[in-house]
Amino acid sequence: MDIRTVSTTPFSDQKPGTSGLRKSVTVFQKPHYLENFVQSIFDSLEGCQGQTLVLGGDGRYYNRQAIQTILKMAAANGIGRILVGRGGILSTPAASCIIRKYKAFGGIILSASHNPGGPDGDFGIKYNITNGGPAPEKVTEAIYARSKVIDSYKIADVADINLDKLSVSRIGEMGVEVIDPVEPYARLMESLFDFDRIRELIKGDSFSLCMDSLHAVTGPYAKNILEQRLGAPGGTVQNGEPLEDFGGGHPDPNLVYAHDLVEVMFADNAPDFGAASDGDGDRNMILGNKFFVTPSDSLAVLTANAHLVPGYKDGLSGVARSMPTSAAVDRVAAKLGIDCYETPTGWKFFGNLLDADKATLCGEESFGTGSNHVREKDGLWAVLFWLNILAVKGESVEDIVRNHWQTYGRNFYSRHDYEEVAKEPATELMERLRSSVGEMKGKKFGAYEVDYADDFSYTDPIDGSVSSKQGIRIGFTDGSRIVFRLSGTGTKGATLRVYLESYEPDASKHSVETQAALKPLIDLAEEIAQIRKFTEREEPTVIT
Ligand code: G1P
Ligand code: ZN
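So, a few notes on the structure that sits alongside this text. Here the structure is a predicted model, which means the values were calculated and not measured.

1. Section: the sheet that holds strand S14 (residues 291-293)
Moving on, step 1. If you walk across this open sheet you meet the 5 strands as S11-S10-S12-S13-S14, and the pairing is mixed. Only two strands of the sheet have a single partner each, and these edge strands are strand S11 (237-238) and S14.
Moving on, step 2. Against the sheet, helix H13 (residues 379-393) touches strand S10 (209-212), strand S12 (273-277), strand S13 (284-288) and S14, its axis set at about 165° to S12.

2. Brief notes about the nonpolar core
Moving on, step 1. Within the largest apolar cluster, 72 residues are counted, with the highest numbers of intra-cluster contacts made by Phe193, Phe273 and Trp381.
Moving on, step 2. Residue contributions to this core peak at 11 residues, all from H13.
Moving on, step 3. Filtering out sequence-adjacent residues up to four positions away, phenylalanine 193 remains in contact with Ile198, Val309, Pro310, Tyr312, Trp381, Leu384, Phe385 and Asn388.
Moving on, step 4. Ranked by size, the runner-up nonpolar core spans 45 residues in total, among them Leu53, Tyr127, Ile155 and Met174.

3. Some remarks on the site of ligand 1
Moving on, step 1. The immediate surroundings of ligand 1 are formed by 15 residues, with Ser366, Ser487, Gly488, Thr489 and Arg497 found nearest.
Moving on, step 2. Between ligand 1 and the protein, one listed contact pairs an oxygen atom with a side-chain N or O atom of glutamate 364 at 2.7 Å.
Moving on, step 3. At 2.6 Å, a side-chain N or O of serine 487 approaches an oxygen atom of ligand 1.
Moving on, step 4. When the residues that make up the shell around ligand 1 are grouped by side-chain class, the tally is no nonpolar, 8 polar and 7 charged.

4. With respect to unusual backbone geometry
Moving on, step 1. For glutamate 420, which is not a glycine, the phi torsion comes out positive at approximately 50°.
Moving on, step 2. With respect to the helices and strands, the residue glutamate 420 is situated in strand S19 (residues 410-421).
Moving on, step 3. Given a relative accessible area of 49%, glutamate 420 falls into the partly exposed group.
Moving on, step 4. Positive phi outside glycine occurs at lysine 469, with the angle close to 55°.
Moving on, step 5. The residue lysine 469 is located in the loop between strand S23 (466-467) and strand S24 (472-476) in this model.

5. With respect to the coordination of the zinc ion (ligand 2)
Moving on, step 1. Coordination sphere of the zinc ion (ligand 2), protein contribution only: Ser113 (OG), Asp278 (OD), Asp280 (OD) and Asp282 (OD), at 2.0 to 2.1 Å.
Moving on, step 2. In this structure, the zinc ion (ligand 2) is surrounded by 4 donor atoms whose angles at the metal cover 85 to 162°, and the resulting shape is irregular.
Moving on, step 3. Counting gaps between the donor residues of the zinc ion (ligand 2) yields the pattern S-x164-D-x1-D-x1-D. On the criterion of sequence distance, the pair formed by serine 113 in the loop between strand S5 (106-110) and strand S6 (122-128) and aspartate 280 in the loop between S12 and S13 is long-range, its members being 167 residues apart.
Moving on, step 4. Classification of serine 113 by relative accessible area gives buried; the value is 4%.

6. Quick notes on the pairing of strand S21 (residues 448-455)
Moving on, step 1. Taken together, the 2 bridges between strand S20 (residues 444-445) and S21 define a ladder with antiparallel strand orientation. Considered in S21, the bridge of phenylalanine 445 is made with tyrosine 448.
Moving on, step 2. Pairing between S21 and S24: 5 bridges, direction antiparallel. Within the sheet, the bridge partner assigned to alanine 453 lies in S24 and is isoleucine 474.

7. A closer look at the sheet that holds strand S3 (residues 52-57)
Moving on, step 1. In spatial order, the strands read S2-S6-S5-S3-S4-S9-S8; together these 7 strands make up an open sheet with mixed pairing. Each edge of the sheet is formed by a strand with only one pairing partner; in this case those strands are strand S2 (21-24) and strand S8 (167-171). The sheet shows a mean angle of 20° between the axes of neighbouring strands, direction not considered.
Moving on, step 2. Alignment of S3 against S5, held across 5 bridges, turns out to be parallel. Note on S5: the bridge partner recorded for glycine 56 is isoleucine 109.

8. Focus on the packing of aromatic side chains
Moving on, step 1. What the rule picks out here adds up to 15 aromatic pairs.
Moving on, step 2. A ring pair is formed by tyrosine 62 and phenylalanine 123, whose centres lie 5.3 Å apart and whose planes are at 80°; its orientation type is edge-to-face. Separated by 61 residues along the polypeptide, tyrosine 62 in the loop between S3 and helix H3 (63-76) and phenylalanine 123 in strand S6 bring together distant segments of the chain.
Moving on, step 3. Residue tyrosine 62 is classed as buried on the basis of its relative accessible area of 13%.
Moving on, step 4. We classify phenylalanine 123 as buried; its relative accessible area is 0%.
Moving on, step 5. For the pair tyrosine 312 and tryptophan 381, a centre-to-centre distance of 6.2 Å together with 80° between the ring planes defines the contact as edge-to-face. Within this pair, whereas tyrosine 312 is found in the loop between helix H10 (295-305) and strand S15 (318-322), its partner tryptophan 381 is found in helix H13, the two being separated by 69 residues in sequence. By the burial criterion, tyrosine 312 is buried, and tryptophan 381 matches it.
Moving on, step 6. Each member of the aromatic cluster is reached from another via a ring pair, and the members are Phe11, Phe28, Tyr33, Tyr62 and Phe123.
Moving on, step 7. If you follow arginine 331 out to its NZ or CZ, it ends over the ring of tyrosine 503, 3.4 Å from the centre.

9. Description of the side chain of glutamine 470
Moving on, step 1. Inspection of the secondary structure assignment puts glutamine 470 in the loop between S23 and S24.
Moving on, step 2. Among the polar contacts listed, one links the side chain of glutamine 470 to the backbone oxygen of serine 468, at a separation of 3.1 Å.

What counts as what
- Think of each chain on its own: its residues are numbered from 1, step by step along the sequence as written.
- Following the order in which they are written, the chains are lettered starting with A and the ligands numbered starting with 1.
- Restriction of local features to residues with pLDDT of at least 70 applies here, the model being predicted, together with a cutoff of 80 or more for giving and counting side-chain atom pairs; totals for whole chains, interfaces and linings are based on all residues.
- Hydrogens and waters are ignored; side-chain quantities use all the structure's heavy atoms.
- DSSP calls a pair of strands paired once it identifies at least 2 bridges connecting them.
- Numbering of helices and strands runs from the N terminus; a helix is a DSSP stretch of H or I covering at least four residues, while a strand is a stretch of E covering at least two.
- Residues are treated as being in contact if the distance between any of their heavy atoms lies within 4.5 Å.
- Angles shown run from 0 to 180 degrees and are taken between the N-to-C directions of axes, each axis being a line fitted to C-alpha atoms and, for helices, limited to the stretch in contact.
- Nonpolar cores are built from buried Ala, Val, Leu, Ile, Met, Phe, Trp, Tyr and Cys residues. Side-chain atoms within 4.5 Å join them into one set.
- Using a 1.4 Å probe on the protein chains alone, a residue whose accessible area is under 20% of its type maximum counts as buried, one over 50% counts as exposed, and one in between counts as partly exposed.
- When at least one non-hydrogen atom of a residue lies within 4 Å of a molecule or strand, that residue is treated as near it.
- Polar contact criterion, stated in full: a pair of N or O atoms within 3.5 Å, where within protein one must be able to donate a hydrogen and the other to accept it, and residues adjacent in sequence count only if both atoms are side-chain atoms.
- Note that Gly is not counted as nonpolar here; it falls among the polar residues with everything else outside the nonpolar set of Ala, Val, Leu, Ile, Met, Phe, Trp, Tyr, Cys and Pro and the charged set of Asp, Glu, Lys and Arg.
- Distances up to 2.8 Å from the metal define which N, O and S atoms are donors, and 3.2 Å serves for Na, K and Ca; water is absent from the atom set, so sites may look incomplete.
- Every geometry call rests on angle ranges, with four donors termed tetrahedral when all angles are between 85 and 135 degrees, four termed square planar and six termed octahedral when opposite donors are over 155 degrees apart and all others are between 65 and 115, and everything else termed irregular.
- Any pair of Phe, Tyr and Trp rings, taking the six-membered ring for Trp, is counted once the centres come within 6.5 Å. Such a pair is stacked with planes under 30 degrees apart, edge-to-face with planes over 60 apart, and tilted for the rest.
- In this analysis the charged atom, NZ for Lys or CZ for Arg, is taken to sit over a ring once it is within 6 Å of the ring centre and within 35 degrees of the ring normal.

Interpretation in functional terms is not warranted from these geometric data alone.
Here it is, written out as structure tokens:
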């Protein structure tokens, strides 16, 4: 095998964000751009020589080319073996599952998650460590530091590998195994959930379901698990063929982008259960018949009902949620007598808690839910968890959520996103808030009095690492809260996220429409942050 050492110069913008390095496809197509980052990964990983790595992606445009490049670079860098998903496909949770199952050294996942794909869309790459989870900041910092000084990379001069057939082959000394991307994941799901009971539910006349894979990676997974293993009728999975550009759609499971599913679930004769997942399969949206479950409520409901599910029947060690996620799960944790951790945005912060068995379930308001079964959030896992609960309880999705509110009170919750606004004024908005939070405590805004205000900082209880500047939070004495952050995954300009939450214990007020219930807080957010002025937008791009 001939190994070429190619001279290169550093790019200054290869700093991984909330979830890996994410850029437009055209940026990744610049000569040496992908190679520099991949070499920076290999250079930063101590002891990766001779080890096994897992490789795959969400099937978006540039996935196949990137995989061929990475295979050749891995061989040139002395990696021992690569397990790659057939067709270059691995959903993010499946990649995590396979890293853990094969005790691999780590994995490289190619995805820009919920960002649009295609030649004009986005691409992304991230490194996951031995526990199957996203690399912690000290690893991503090291990769970034390396990317700033890199002057060459190594690549083997060999032919492309055929990714479409299961096979075992070699590139030089390195073994390459093209593996079934679905089977190990589906088996893990079978070990956690009561498939017999879910099969019974689906078989009965009184239950129907619809899953929308948004032409993204969960298509083959959902068809295999829901239609083949659980007996749902063919066609239950809609938009189930993964496409390189996701059919031109935005593969983000929310009420705006998953419009096909929303149409089905809010029509007359809607099915009883609906779900969607994102580009790389780690997000989920859960719907009942004409009913939307917020991700924050979903986490709380799963926690409250986990004892009904075989994989969790022995109890939960604790739960964790990201800071902007509503406190609905906190109330369940308090009742169960278990700890509830509040972490910064991004799944990587859950890794240590899961490894140390301090948390069993985790969730984020951004349609992410998961558990200690892997080290990523997991869209289909959440779907199966819900189906298992529905099968045991025999109630509708809406009844389960309403009864939950009756027991715990309702946390009204919404996120307002101002996407792709100008970066400088958005940064200024955040700076202004940051400099004013110190004096906010005790301040009154109409009926609201500030209980606390800060820029969230997190000290990891396991390794003591500190992550600061994680979002401005302003809490009021009545338990309501406004949070401001800038997105760490956007690729154009800046995206301002405003998170709004209020708490209503009185069940007679639980049917108020969410935006109406939050209206006073929405107005207050404008008053405090002057969002219109700094974003030059009259209203948010997306409300979830
Ligand atoms: C967003 C979500 C965050 C999630 C991440 C990756 O990050 O808000 O919860 O972990 O995508 O899916 P953000 O763009 O807000 O930095
Ligand atoms: Zn994702």
